[in-house]
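Structural characterization, general
Single-letter residue listing:
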Amino acid sequence: GYSHAPDALSYGVDMKHIRWCGILQRIALVYVVVALIETLTTKRRPNVLEPRHLSIFTAYQWQWIGGFIAFVIYIITTYSLYVPNWSFSEHSDHGVKKYIVKCGMRGHLGPACNAVGYVDRELWGINHLYSDPVWSRLEACTLSSPNSGPLREDAPSWCRAPFEPEGLLSTISAILSGTIGIHYGHVLIHFKGHSARLKHWVSMGFGLLIIAIILHFTNAIPINKQLYSFSYVCFTAGAAGIVFSALYVLMDVWELRTPFLFLKWIGMNAMLVFVLGAQGILAGFVNGWYYKNPDNTLVNWIQNHLFIHVWNSERLGTLLYVIFAEITFWGVVAGILHRLGIYWKL
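Residues numbered from 1 in each chain as written. Predicted model: local features only at pLDDT ≥ 70, side-chain atom pairs only at ≥ 80, totals over all residues. Heavy atoms only, no water.

Focus: the state of the cysteines
For the structure shown, the criterion picks out two disulfides. There is a disulfide in this structure between C103 and C113, and the S-S distance comes to 2.1 Å. Taking the torsion about the S-S bond as the criterion, the C103 to C113 disulfide, at about -85°, is left-handed. Here the residue C103 occupies a position in the loop between β3 (95-101) and β4 (105-106), and C113 occupies one in the loop between β4 and α4 (115-123), the gap between them amounting to ten residues. On the accessibility criterion, C103 (11% relative accessible area) is buried. Overall, the relative accessible area of 4% leaves C113 in the buried class. In this model C141 forms its disulfide with C159; the gap between the sulfur atoms is 1.9 Å. Disulfide C141-C159: torsion about the S-S bond near -75°, hence left-handed. (Disulfide = S-S within 2.5 Å. Helix = DSSP H or I, 4+ residues; strand = E, 2+ residues; numbered from the N terminus. Buried < 20%, exposed > 50% of the residue type's maximum accessible area, 1.4 Å probe, protein only.)

Spelled out as structure tokens, the structure:
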């Protein structure tokens, strides 16, 4: 992004190396496809469902056809596209070093030779991909695995290569996620009773989870977020259905809403929380004042002295920091703004 907050106190983007993809771009593309199908097929579906078990699926057949087409495009491309050898250059103070990654295969799901990365390299160009992929944290790349760290001397060349986790082909797979998500909404519209809604959500959620687990542990299609594999779609969509059902029971059936008001406040001001919080704009602003060196900032002091050092654990301290200094903090801020009637909207 244009701002490099909260850690780097700088801004600006080199257009020669700008990253074209990202999570917001993925959301936009998925939303456009799903919303267009939903809008263009409004007059083709009945207002009242027939008393059949699968009537809600047949009523929205065009949405499922769209999701199925996305699934077919992803599967065929992933497993049939030939990925040739490819190369990239790494720039350092000592000059430019060129690396070659040997592939020459089809259907590979590993970091080096998958079709997802090949499509993005050909479409966007390797300079415009994400430069710090999670695969660089694998044991084959660093002794600090599963954390990031210096690369091993014998690390494969692909450990240094960029990879786009929100690229085109994986975003096409995410269209199926959007299709399943809008199905949960269709259930909410057409079924008025709590039990009928929960029956659909829970059954579909567990069904998707079972499919994902079978595909993963049989090694047919492993769960892989970077590739947005079909098993990953099933697992996340199924988990979303179960979590959504649990929250529905707590808040709409049992009416235990007070403990979860902070979620409502954050949702009502999601744009503000995303820009100032998730994108680190507020933390970057606070970090603009430091003592002696740019690492000695108020945000870093709070994270280290109030969380990490107290618990003598970077993992536990970081988790508690996220829960209290980020989620709880922004819940309180969003609640105050809600009381004042202040909202960021488009």
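Let's talk about the packing of aromatic side chains
Counting across every chain of the model gives twelve aromatic pairs. Between F71 and F230, the ring centres sit 4.8 Å apart and the planes meet at 55°, which makes this aromatic pair tilted. Placement of the pair is F71 in helix α3 (residues 61-80) and F230 in helix α7 (residues 230-253), with a sequence separation of 159 residues. An angle of 80° between the planes, with centres 4.8 Å apart, marks the rings of W201 and F244 as edge-to-face. With W201 in helix α6 (residues 194-217) and F244 in helix α7, this residue pair connects regions lying 43 residues apart in the sequence. With relative accessibility at 0%, the residue W201 sits in the buried group. Looking at R121, its charged tip hangs above the ring of W86, at a distance of 3.7 Å from the centre. (Phe/Tyr/Trp six-rings, centres within 6.5 Å; stacked < 30°, edge-to-face > 60°. Lys NZ or Arg CZ within 6 Å of the ring centre and 35° of its normal.)

Brief notes about the side chain of S229
Considering the arrangement of structural elements, one finds S229 in the loop between α6 and α7. A distance of 2.8 Å separates the side chain of S229 from the backbone oxygen of P222, its partner in a polar contact. Apart from the residues within four sequence positions on either side, S229 is in contact with Y74, I221, P222, I223 and N224. (Polar contact = N/O pair within 3.5 Å; in protein donor to acceptor, adjacent residues only side chain to side chain. Contact = heavy atoms within 4.5 Å.)

Topic: the nonpolar core
Membership of the largest hydrophobic core comes to 53 residues, with the highest contact counts inside it found for V101, W158, I180, L208 and F230. Among the elements that make up this core, the one with the highest residue count is helix α5 (residues 168-190) (eight residues). Residues in contact with I180, not counting those within four places in the same chain, are W64, M204, L208, V233 and A237. Of all hydrophobic cores here, the second largest spans six residues; its members include I266, V273, A334 and L337. (Core = buried A, V, L, I, M, F, W, Y, C linked by side-chain atoms within 4.5 Å.)

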